[in-house]
Amino acid sequence: MALRTPLLISLIALSLMLIALLVARPQMTSTRGGKMLAFLVLFALPLLCMAVGVSSEMQRSKSTQFCLSCHVMEGYGRSLYIDDPAHLPAAHFQNHRVPADQACYTCHTNYAMFGGFRAKLHGLRHVYVQYLGTIPQQIHLYEPYNNRECLHCHLGARSFEEGVVHNADPDLLPAVKANKVSCLSSGCHDTVHDVSRLKDLTFWKPKE
Amino acid sequence: MNLSSDLERQLQRSGLLLIIGLGIEGVCLLWARPIAFVLMVAAGGFFCAAGVAVYLYALVSRKL
């Protein structure tokens, strides 16, 4: 991934140089070689650059750094470093239960059909609100958090399936799996991004 | 009108559109902000698509 952007920039620079050459000397296209060059630089290379560029930006838009680059998300970013395992996002982020570089996307995408596409559409709306709309004081989810997103990783995991609390009531696990009892808002794992109390909390400092 | 110079002019037009489109894409790749993503897809994509379309049109509209 780290090499992808420099490689793409090099490809774009090469394309730009060849296009500039063709623009400066269009009579080159009168020869067979010139026609082949024109096809390459006016058709094949630009399409390749755009395809790789969009794919690269799509990948980057999943990064934690990208999500937290808007000012309104600052508190949510800080909440990932709260030094308290009871804070669900912090515990997941700090212990790499989710990839640290895609922490927001991993939990907030939708693991149903077209979930990634819907997440991107929501992202476009966020960009609109950030630059042209009114940023709300309090951010809310579009819909209640679905257990499906938790179960995407936890379903079948020993700690989840055989956990003492999860099995204390035989009706609990089936209800959780059916999304009838929420993992987050049923009094179990209900401390999430506690941004309003950030100033009262202590933070974990990762070792360099 | 000289057919070959007409074609060359259209290829130049296509090249200029592509230079703008790819230029926008390059800048957006270096500028890691959410707005850059939208700019790249909307503006960069538009100019590149227009450049490719002008090139293809130049080929098919050429009188043999």
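Residues numbered from 1 in each chain as written. Chains lettered and ligands numbered in written order. Predicted model: local features only at pLDDT ≥ 70, side-chain atom pairs only at ≥ 80, totals over all residues. Heavy atoms only, no water.

Colleague: What am I meant to see in the state of the cysteines here?
Modeller: Note on terminology: a disulfide is the covalent bond linking the sulfur atoms of two cysteines. The final tally for this structure, using the stated rule, is zero disulfides over all chains. Unpaired in terms of disulfides, A:C49 finds its nearest cysteine sulfur in B:C48, a separation of 7.7 Å. Left without a disulfide partner, A:C153 is nearest to the cysteine sulfur of A:C107, which lies 7.6 Å away. A:C153 gets classed as partly exposed once you look at its relative accessible area, which sits at 45%. (Disulfide = S-S within 2.5 Å. Buried < 20%, exposed > 50% of the residue type's maximum accessible area, 1.4 Å probe, protein only.)

Colleague: Teacher, can you tell me more about the domain arrangement of chain A here?
Modeller: Quoted interface sizes are often the accessible area lost when the parts come together. On domain assignment, one finds that chain A holds domain 1 (4–60), domain 2 (65–140 + 194–208) and domain 3 (146–183). Between the C-alpha centres of domain 1 of chain A and domain 3 of chain A the distance comes to 52 Å. (Domains from an automatic or database assignment.)

Colleague: Which parts of the structure should I look at to understand the environment of B:A49?
Modeller: Residues and elements named next belong to chain B. Structurally, the position occupied by A49 is in helix α2 (residues 34–60). By relative accessible area, which is 47% here, A49 ends up partly exposed. Taking the C-alpha atoms as reference points, A49 and F37, 12 residues apart in sequence, are found 17 Å from one another. (Helix = DSSP H or I, 4+ residues; strand = E, 2+ residues; numbered from the N terminus.)

Colleague: How should I be thinking about the packing of helix α7 (residues 115–132) of chain A against α2(B) in this particular structure?
Modeller: A pair of packed helices can be characterised by two numbers: the angle between their axes and the separation between those axes. Viewed as axis vectors pointing N to C, α7(A) and α2(B) meet at an angle of 115 degrees, and their least axial separation amounts to 10 Å. In terms of orientation, α7(A) lies roughly perpendicular with respect to α2(B). In the crossing of α7(A) with α2(B), the sense of the turn from one axis to the other is left-handed. In this structure, α7(A) contributes A:L124, A:V127 and A:Y131 to the contact, and α2(B) contributes B:P34, B:I35 and B:V38. Across the contact of α7(A) with α2(B), the residue classes break down as six nonpolar, no polar and no charged. (Axes fitted to C-alpha atoms, helices over the stretch in contact; angles between N-to-C directions. Parallel < 35°, antiparallel > 145°, perpendicular 65-115°, else oblique. Left-handed = near helix turned anticlockwise from the far one by under 90°. Contact = heavy atoms within 4.5 Å. Nonpolar A, V, L, I, M, F, W, Y, C, P; charged D, E, K, R; others polar.)

Colleague: I'm lost on the side chain of A:E149 in this one. Help?
Modeller: Residues and elements named next belong to chain A. In this fold, E149 is placed in helix α8 (residues 147–154). Here Y111 takes part through its backbone nitrogen, which lies 3.0 Å from a polar atom of the side chain of E149. A distance of 2.9 Å separates a polar atom in the side chain of E149 from a polar atom in the side chain of R148. Not counting residues up to four positions away in its chain, the partners in contact with E149 are C107, T109, N110 and Y111. (Polar contact = N/O pair within 3.5 Å; in protein donor to acceptor, adjacent residues only side chain to side chain.)

Colleague: Please explain the nonpolar core as it appears in this structure.
Modeller: Counting 24 residues, the largest nonpolar core has A:I19, A:V41 and A:L42 as its most contacted members. Sorting the residues of this core by element identifies α1 (4–24) and α2 (32–60) of chain A together with α1 (3–30) and α2 of chain B as the ones contributing at least two each. In terms of residue count, the dominant contributor to this core is α2(A) (seven residues). Once residues within four sequence positions are removed from consideration, A:V41 is found in contact with A:L18, A:I19, A:L22, A:P46 and B:L18. (Core = buried A, V, L, I, M, F, W, Y, C linked by side-chain atoms within 4.5 Å.)

Colleague: Sorry if this is basic, but what is going on with α7(A) here?
Modeller: An α-helix turns once every 3.6 residues. As a result, residues three or four positions apart point the same way. Compared with an ideal rise of 1.5 Å per residue, which puts 18 residues at 26 Å, α7(A) spans 25 Å between its outermost C-alpha atoms and is within 8% of the ideal. Regarding α7(A), the residues found buried are A:G115, A:K120, A:V127 and A:Q130. Down the axis of α7(A), the buried set is contained in an arc of 135 degrees. They therefore lie on one face. Among the exposed residues of α7(A), those oriented more than 90 degrees off its buried face are A:F117, A:Y128 and A:L132. For α7(A), the secondary structure elements touched by its buried residues are α2 and α6 (103–108) of chain A together with α2 of chain B. (Expected span 1.5 Å × (residues − 1). Arc of directions from axis to C-beta.)

Colleague: What is the right way to look at the confidence of the model for chain B in this model?
Modeller: For residues with low pLDDT, the predicted coordinates do not support detailed interpretation. Residues with a pLDDT of 70 or more make up 92% of chain B, whose mean pLDDT is 89. Reported confidence for the predicted complex is 0.90 by ipTM and 0.78 by pTM. (pLDDT = per-residue confidence, 0-100.)

Colleague: What is the right way to look at the packing of aromatic side chains in this model?
Modeller: Given two aromatic rings, one states the distance between the centres and the angle between the planes to describe the pair. All names here are of chain A. With the rule as written, the count across this model stands at four aromatic pairs over all chains. Taken together, a centroid distance of 5.1 Å and an interplanar angle of 70 degrees make the contact between Y81 and F93 edge-to-face. Of the two residues, Y81 is situated in the loop between α4 (74–78) and α5 (88–94) and F93 in helix α5; the sequence distance between them amounts to 12 residues. Pairwise contacts between aromatic rings join Y81, F93 and W204 into one cluster. (Phe/Tyr/Trp six-rings, centres within 6.5 Å; stacked < 30°, edge-to-face > 60°.)

Colleague: Help me understand the pattern of salt bridges in this model?
Modeller: Side chains that differ in charge, positive against negative, can pair when their charged atoms come close. Residues and elements named next belong to chain A. As enumerated under the stated definition, the model contains seven salt bridges over all chains in all. When the shortest N-O distance is used, the salt bridge between E162 and R158 registers 3.3 Å. The class for E162 is exposed, based on a relative accessible area of 55%. Across the pair D194 and R197 runs a salt bridge whose closest N-O atoms are separated by 2.8 Å. Here D194 falls in the buried class, since its relative accessible area comes to 16%. The exposure class assigned to R197 is partly exposed, which follows from its relative accessible area of 39%. (Salt bridge = Lys/Arg side-chain N within 4 Å of Asp/Glu carboxyl O.)

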